[in-house]
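Working through the structure, step by step
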2 protein chains.
Amino acid sequence: MDILVSLDENYVRQLCVLLTSIHVSNPGVGAGIYLMHRGISEKKLLRLSSCLEAVGFRLFPVAVDERMFMNAPSTKQYPQEMYYRLLASSMLPGNLDRILYLDPDTLVVNSLEKLWKTDIGGFLFAAAAHTGKTELANNINRLRLKTENDYFNSGVLLINLERCRKEVRAEDIFKYVEEHSSSLLLPDQDILNALYWDRIRKLDDSIWNYDARNYSNYLLRSFGKADTAWVMENTAIFHFCGKAKPWKKRYNYRFGVLYRHYMQLSRAYFPGLSF
Amino acid sequence: MDILVSLDENYVRQLCVLLTSIHVSNPGVGAGIYLMHRGISEKKLLRLSSCLEAVGFRLFPVAVDERMFMNAPSTKQYPQEMYYRLLASSMLPGNLDRILYLDPDTLVVNSLEKLWKTDIGGFLFAAAAHTGKTELANNINRLRLKTENDYFNSGVLLINLERCRKEVRAEDIFKYVEEHSSSLLLPDQDILNALYWDRIRKLDDSIWNYDARNYSNYLLRSFGKADTAWVMENTAIFHFCGKAKPWKKRYNYRFGVLYRHYMQLSRAYFPGLSF
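Residues numbered from 1 in each chain as written. Chains lettered and ligands numbered in written order. Predicted model: local features only at pLDDT ≥ 70, side-chain atom pairs only at ≥ 80, totals over all residues. Heavy atoms only, no water.

**Observations regarding the overall build of chain A**
Condition: Numbered from the N terminus, helices here are DSSP runs of H or I no shorter than four residues, and strands are runs of E no shorter than two. We compute the radius of gyration over the C-alpha atoms and compare it with the globule rule, which gives 2.2 Å times the number of residues raised to the power 0.38. Categorising residues by exposure relies on relative accessible area from a 1.4 Å probe, with only protein chains included: less than 20% of the type maximum marks a residue as buried, more than 50% marks it as exposed, and the intermediate range marks it as partly exposed.
The secondary structure content of chain A amounts to 12 helices and 10 strands. Taken over C-alpha atoms, the radius of gyration comes to 18 Å for chain A, in line with the 19 Å a tight globule of 275 residues would show. Each principal axis of the C-alpha distribution contributes one length, and for chain A these read about 50 × 45 × 35 Å. Put simply, chain A has 275 residues, and 59% of those count as buried.

This is the structure we're talking about:
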């Protein structure tokens, strides 16, 4: 299994929590971890690498030339790194034919095997839309970005690298950003939806990209089926999206306990990194 | 590290959850698992044994001659097995000088190392009292059992086997049960407190025997310190005591999510056992 993450030095802590959760929830599964980044120190990468080896993972750092993104709009909440996932196909080794991109605010609590083996067919990506509570937002986004599909969340993205190498062009992305920079709300996600909405295979968000803020909504729309027991048996990836973050104080949503537990476990699994 | 559990076939499921939690929260730590039981089938023990080997644990089944306890009072909720912990010293191999007894409704979420290395001194046991909310119950129990100490909970018990071999006698226990059978509420726990209250070293329950029903109480008595983040960093053993059990439907206390997660993980770690 190959995992792609892209982050800067400020999110190494969250990366370790995520990797701990992948390791614990997928016992015995090896993984290549492709880390696209700018400016994470050699020393930190070496320590991370040896920690990962101890749990059967292998780290492949991919340093990105940041000049490539000099003119792309970014903020503290949405740094340059958010573009990397869309352009992964041109920056990752040619022998990889697919990769699973995960945001650093996700947590894996069940096997990823079925997702990893998903038939993407001729699609470029497989992704989930956060439906239900955000139905209105979905409609607004459809109009805003001129798509006819759900508004896909870009936090969990199975990328068909083989296909993307032929069809995804950096020029298209930069051109789109240039022409719409004033109206982009969640830049990478908007680009994904605006440019590729008809090239994305839909995943079930309650399994592969569970919006951790929306327990009641998932419960409601499943007619009571998706209670805590169901979620723990079926959901594989939690996405702690939005402003409230489970590593911050006073996070009070139901699954924050799990995130905190994995924060603690990451200290035991990655003793070489001091948090 | 040596762990003692005592249960019948109906609790093998919970045992696997507990052992999964010990394994995941104590990476790389080997353990001997002493299982005192009656009537668990040879086939089930063999399967359990090979599952445990895969995670670096070793199973030592100790079949108990149930005729020994024929006259001891027991119910469905408090089966014969509850006595085993008190008499462990006479039934376990002589080369063990201490063992950590854990109830099957406990869950381990942090390192057990400090507990395992606790200096028991000349005490027979180390145990925690569920203080705070149950202060009134504590006082009643003191009067009821004629002790001058807190009412200790017998669900987590570090047993000084070396010392117990010299001082704990089955006759004393059976005699006490015989004389008080009508007034015993939680038989094994009452015996522990009535006979050995002054021979128990006190442990911090918020770390080693956290009553999972009482989050608000722990938070209150710590003046707000013991919030979820603190608990996840410090608490090592949750005890899901009382009638509400986290493996049952509609369990709604805060840490039930963790228990459910470990139920699911146990399927991945013990694939040889079908749940």
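Text resumes after the structure shown.
**Examining the sheet that holds strand S9 (residues 210-211) of chain B**
Residue and element names in this part refer to chain B. Selection criterion: Any two strands between which DSSP finds at least two bridges are classified as paired.
Taken in spatial order, the 3 strands of this open sheet run S5-S10-S9, and their pairing is mixed. Of all strands in the sheet, those with a lone pairing partner are strand S5 (106-108) and S9, marking the two edges. Where S9 and strand S10 (residues 237-239) come together, 2 bridges link them in parallel fashion. For Tyr210, the partnering residue across the bridge sits in S10 and is Phe238.

**Observations concerning the sheet that holds strand S8 (residues 200-203) of chain A**
All names here are of chain A. The cut-off we apply is this: Throughout, an axis means a line fitted to C-alpha atoms (over the contacting stretch in the case of helices), and angles, computed between N-to-C directions, take values from 0 to 180 degrees. Should any heavy atoms of two residues lie within 4.5 Å, those residues are considered in contact.
Sheet architecture is open: 7 strands sit in the order S3-S2-S1-S4-S7-S6-S8, paired in mixed fashion. Looking at which strands have only one partner, the edges of the open sheet turn out to be strand S3 (57-63) and S8. Direction aside, the axes of adjacent strands within the sheet are offset by 30° on average. Sheet topology note: the strand S6 (residues 125-129)/S8 ladder contains 4 bridges and is parallel. Within S8, the residue paired with Ala126 across the bridge is Arg201. Docked against the sheet, helix H2 (residues 42-54) engages strand S2 (31-37) and S3, running at close to 155° with respect to S3.

**Observations concerning helix H12 (residues 256-269) of chain A**
All names here are of chain A. Keep this limit in mind: Here the expected span of a helix is defined as 1.5 Å times the quantity of residues minus one.
Relative to the 20 Å expected for 14 residues at 1.5 Å per residue, H12 spans 20 Å between its end C-alpha atoms, a close match to the ideal helical length. Along H12, 12 of the 14 residues are buried, which leaves the element largely enclosed by surrounding structure. Those residues of H12 lying buried are Gly256, Val257, Leu258, Tyr259, Arg260, His261, Tyr262, Met263, Gln264, Leu265, Ser266 and Tyr269.

**Focus: the relation of the copies chain A and chain B**
This is how it is decided: Superposing copies: least-squares fit, C-alpha atoms only, residues required to have pLDDT of at least 70 in both.
Under the fitted operation, chain A is carried onto chain B by 0.0 Å of movement along the axis and a turn of 180°, and the coordinates agree to an RMSD of 0.0 Å. Taken together, the rotation and translation describe the operation of a two-fold axis. Using C-alpha coordinates, one finds that chain A approaches the rotation axis most closely at Leu258 of chain A, a distance of 3.2 Å. A high fraction, 100%, of the interface residues of chain A reappear at the interface in chain B, so the copies pair face to face through one surface.

**Some points on the pairing of strand S7 (residues 152-159) of chain B**
Residue and element names in this part refer to chain B. Within S7, 8 of the 8 residues are buried, which leaves it mostly tucked inside the rest of the structure. In the sheet, strand S6 (residues 125-129) pairs with S7 via 4 bridges, with the strands oriented antiparallel. When the bridges of S7 are listed, Ala129 appears paired with Phe152.

**As for the pattern of salt bridges**
Stated formally: Whenever Lys or Arg places a side-chain nitrogen within 4 Å of a carboxyl oxygen from Asp or Glu, that contact is recorded as a salt bridge.
Going through the model one piece at a time under the given rule, you end up with 26 salt bridges over all chains. In this structure, Glu171 of chain B engages Arg169 of chain B in a salt bridge whose closest nitrogen and oxygen atoms are separated by 3.8 Å. On the basis of relative accessible area, Arg169 of chain B is assigned to the partly exposed category, the value being 44%. Arg213 of chain B serves as the salt-bridge partner of Asp211 of chain B, at 2.8 Å between the closest nitrogen and oxygen. Note on Asp211 of chain B: relative accessible area 1%, which makes it buried. Assessed through its relative accessible area of 32%, Arg213 of chain B is described here as partly exposed. Here the salt bridges do not stand alone but share partners, grouping Arg85, Asp103 and Asp188 of chain A into one network.

**Description of the nonpolar core**
Here is the rule we go by: Nonpolar cores were defined as sets of buried Ala, Val, Leu, Ile, Met, Phe, Trp, Tyr and Cys residues, with membership established by side-chain atoms within 4.5 Å.
Counting residues in each nonpolar core, the largest one holds 126 residues, and the members touching the most others are Ile22, Phe238, Phe255 and Leu258 of chain A together with Ile22, Phe238 and Phe255 of chain B. When residues no more than four places from it in sequence are discounted, the contact partners of Ile22 of chain B are Met1, Ile3, Phe57, Leu102, Val108 and Leu112 of chain B. Listed in part, the 37 residues of the second largest apolar core include Tyr101, Leu157, Ile191 and Tyr196 of chain A.

**Here we look at the packing of helix H7 (residues 170-180) of chain B against helix H8 (residues 187-196) of chain B**
Residues and elements named next belong to chain B. The condition that has to hold: Reported orientations rely on four angle classes, namely roughly parallel under 35 degrees, roughly antiparallel over 145, roughly perpendicular from 65 to 115, and oblique for the rest. Take the far helix as the reference: if the near one is turned anticlockwise from it by less than a right angle, the crossing is left-handed, and if turned clockwise, right-handed. Charged residues are taken to be Asp, Glu, Lys and Arg, nonpolar residues to be Ala, Val, Leu, Ile, Met, Phe, Trp, Tyr, Cys and Pro, and polar residues to be all remaining types, Gly included.
Between H7 and H8, the shortest axis-to-axis distance is 11 Å and the interhelical angle comes to 110°. Taken together, the axes of H7 and H8 lie roughly perpendicular to each other. Where H7 crosses over H8, the two elements pack in a sense that is right-handed. For the pair formed by H7 and H8, the contact residues are Asp172, Ile173, Tyr176 and Val177 on the first element and Ile191, Ala194, Leu195 and Tyr196 on the second. Class assignment of the residues belonging to the contact of H7 with H8 gives a composition of 7 nonpolar, no polar and 1 charged.

**Looking at the interface of chain A and chain B**
Counted only if it meets this: Accessible area that two parts lose when put together, with a 1.4 Å probe and added across both, is what the buried area reports. Here a polar contact is recorded for every N or O atom pair within 3.5 Å, except that within protein the pair must consist of a potential hydrogen donor and a potential acceptor, and residues adjacent in sequence are included only if both atoms are side-chain atoms.
Across the boundary between the two partners, chain A contributes 23 residues, which contact 23 residues of chain B. Between chain A and chain B lies a buried interface of about 2000 Å² when both sides are counted; carbon and sulfur atoms form 62% of it. By the criterion of area lost to chain B, the three top residues of chain A are Val257, His261 and Gln264 of chain A, representing 27% of everything that side buries. Summed over the shared surface of chain A and chain B, the number is 2 salt bridges. The residue Glu233 of chain B makes a salt bridge to Arg267 of chain A at a minimum N-O spacing of 3.8 Å. Taken together, chain A and chain B are joined by 8 residue pairs in polar contact (both at pLDDT 80 or more). Where the side of chain A that touches chain B is concerned, the elements lending two or more residues are helix H1 (12-25), helix H11 (228-234) and H12 of chain A.

**Some details on H7 of chain B**
All names here are of chain B. Heads up, the rule is: In this context, the arc is that of the directions from the helix axis out to the C-beta atoms.
The complete set of buried residues in H7 reads Ala170, Ile173, Tyr176 and Val177. End-on view of H7: buried residues confined to an arc of 135°, all on one side of the axis. Every exposed residue of H7 that faces more than 90 degrees away from the buried side is listed here: Lys175, Glu178 and Glu179.

**Here we look at unusual backbone geometry**
Residue and element names in this part refer to chain A. In this structure, Phe223 takes a positive phi of about 55° despite not being glycine. As for its placement among the helices and strands, Phe223 is situated in the loop between helix H10 (215-221) and H11. A relative accessible area of 79% places Phe223 in the exposed class.

**What to know about the packing of aromatic side chains**
All names here are of chain A. Put simply, the test is: For Phe, Tyr and Trp, rings pair up if their centres lie within 6.5 Å, where Trp contributes its six-membered ring, and each pair is then called stacked (planes under 30 degrees apart), edge-to-face (over 60) or tilted (otherwise). Two conditions define a charge sitting above a ring: the NZ of Lys or the CZ of Arg must be within 6 Å of the ring centre, and it must be within 35 degrees of the ring normal.
Evaluation of the coordinates by the stated rule reveals 26 aromatic pairs over all chains. Among the aromatic residues, ring-to-ring pairing joins Tyr11, Tyr210, Tyr215, Tyr218, Phe238, Phe240, Trp247, Tyr251, Tyr253, Phe255 and Tyr259 into one connected group. One residue, Arg254, lies across the ring of Tyr215, its end atom 4.0 Å from the ring centre.

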